[in-house]
Amino acid sequence: MNPHDYCHDKAAKSGSSFYYSFMFLPPERRQAITALYAFCREVDDVVDECHDVQVAQTKLDWWRKEVSRAYEGSPSHPVGFALKDVSARFNLPLEQLLEIIDGMEMDLTQSRYLDFKGLQLYCYRVASVVGLLAAEIFGYRERQTLKYAHDLGMAFQLTNIIRDVGEDARRGRIYLPIEDLQRFKVPASQIMEGRDDDNFRALMAFQAERAEKYYDQALAQLPAADRKSQRPGLVMAAIYRTLLREIASDGFVVLDRRTSLTPVRKLWIAGKTWVRA
């Protein structure tokens, strides 16, 4: 299996909505975004699957060195070889790839966020930076498009947080800011124990409204000149926003289940959005 086949396999097996957003791209750009996605999956899996913090830290340090080696021309991992191949073609800054690792590393040392400002840094590193790199791969003419990519990444990560509240709690993490928990009178213990009530649903409605504002803000900032090139992001936005609204319409039942859209529905949304964008 060559490096790009490895990355494609990693993306396809994930079942992520991300995969549906770049399946319509020309081969060269699809190859590049798949390499970026595979890199994100590799470093995210380190944190999610490794229960020993020191071992996880060692693995993330290894990935920092591997990314640097990729940019120096001497990687050793299939994803490293794929990044070496696409980074120069699409002007992907090394610093931004390293910043994604910094975001993953936050999960090793921080399981609560005092306020939204603190959470924003995490979301920026693990999602907005990915959006900025993706914008480079998709191509753009107007600098305003980078603001769109930043805010869309925030919207995606906030949607992920809403969807995964229960799953994250079982891993000992609560991404919902403490200031929000206090405002809606939802103790952290309630989330850790999976207890739903009206206060919790009000809290989640507030989080969903915040995410919706980021979707609105992002889409309003996308220049018309770049709308066609940025269609993959618009596909992702359509899929993720549909997911967010599905969660809301179900009453934010997220403590004991993980809402998802079927592959057929994702494909239908992707095709419809691609044609209309």
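Anything mentioned here points back to the structure above.
Here we summarise the structure given alongside this text.

Rules behind the numbers
Residues numbered from 1 in each chain as written. Predicted model: local features only at pLDDT ≥ 70, side-chain atom pairs only at ≥ 80, totals over all residues. Heavy atoms only, no water. Core = buried A, V, L, I, M, F, W, Y, C linked by side-chain atoms within 4.5 Å. Buried < 20%, exposed > 50% of the residue type's maximum accessible area, 1.4 Å probe, protein only. Helix = DSSP H or I, 4+ residues; strand = E, 2+ residues; numbered from the N terminus. Axes fitted to C-alpha atoms, helices over the stretch in contact; angles between N-to-C directions. Parallel < 35°, antiparallel > 145°, perpendicular 65-115°, else oblique. Left-handed = near helix turned anticlockwise from the far one by under 90°. Contact = heavy atoms within 4.5 Å. Nonpolar A, V, L, I, M, F, W, Y, C, P; charged D, E, K, R; others polar. Polar contact = N/O pair within 3.5 Å; in protein donor to acceptor, adjacent residues only side chain to side chain. Phe/Tyr/Trp six-rings, centres within 6.5 Å; stacked < 30°, edge-to-face > 60°. Salt bridge = Lys/Arg side-chain N within 4 Å of Asp/Glu carboxyl O.

Another point: the nonpolar core. In this structure, Phe39, Ile100 and Ile191 are the most contacted members of the largest nonpolar core, which totals 95 residues. Per-element accounting of this core gives the leading share, 14 residues, to helix H7 (residues 116–138).

The next point concerns the packing of helix H3 (residues 27–49) against helix H6 (residues 94–109). Interhelical geometry of H3 versus H6 gives an angle of 20° and a closest axis separation of 9 Å. Classified by the angle their axes make, H3 and H6 are roughly parallel. The two elements H3 and H6 meet at a crossing, and its hand is right-handed. Between H3 and H6, the residues in contact are Leu36, Phe39, Cys40, Val43, Asp44 and Val47 and Leu97, Ile100, Ile101, Met104, Asp107 and Leu108, respectively. Looking at the contact of H3 with H6, its residues break down into 10 nonpolar, no polar and two charged.

For Gln221, the position within the fold is in helix H12 (residues 198–221). Since its relative accessible area comes to 17%, Gln221 is described here as buried. A polar atom in the side chain of Gln221 sits 2.7 Å from the side chain of Asp151. Ignoring anything within four residues of it in the chain, the contact list for Gln221 reads Gln144, Lys147, Tyr148 and Asp151.

Before going further, it helps to examine unusual backbone geometry. At Asn91, a position not held by glycine, the phi torsion is positive, near 55°. Along the chain, Asn91 turns up in the loop between helix H5 (78–87) and H6. Asn91 gets classed as exposed once you look at its relative accessible area, which sits at 53%. In the Ramachandran plot, Lys185 falls in the positive-phi region, its phi being about 55° despite a non-glycine side chain. Positionally, Lys185 belongs in the loop between helix H10 (178–183) and helix H11 (188–192). For Lys185, a relative accessible area of 62% translates into the label exposed.

Using the criterion set out here, one finds 10 aromatic pairs in the structure. An angle of 45° between the planes, with centres 5.8 Å apart, marks the rings of Tyr113 and Tyr122 as tilted. Judged by relative accessible area, Tyr113 falls into the buried class, the value being 1%. Centre to centre, the rings of Phe156 and Tyr240 are 5.0 Å apart; their planes meet at 45°, and the pair counts as tilted. On the criterion of sequence distance, the pair formed by Phe156 in helix H8 (residues 144–163) and Tyr240 in helix H13 (residues 231–249) is long-range, its members being 84 residues apart. A single burial state applies to Phe156 and to Tyr240, both of which are buried. Cluster of aromatic residues (ring-pair linked, three or more members): Phe39, Trp62 and Trp63.

Counted according to the given criterion, the structure contains 27 salt bridges. A salt bridge links Arg171 to Asp48, with the nearest nitrogen and oxygen atoms 4.0 Å apart. Separated by 123 residues along the polypeptide, Arg171 in the loop between helix H9 (165–170) and H10 and Asp48 in helix H3 bring together distant segments of the chain. Residue Glu212 pairs with Arg245 through a salt bridge whose shortest N-O separation is 3.0 Å. With Glu212 in helix H12 and Arg245 in helix H13, the pair connects residues that are 33 residues apart, well separated along the chain. Note on Glu212: relative accessible area 17%, which makes it buried. Counted as one network, the salt bridges with shared partners bring together Asp48, Asp107, Arg163, Asp164, Glu167, Arg171, Arg173 and Arg258.

Take it as geometry only, folks, not as evidence of what the structure does.
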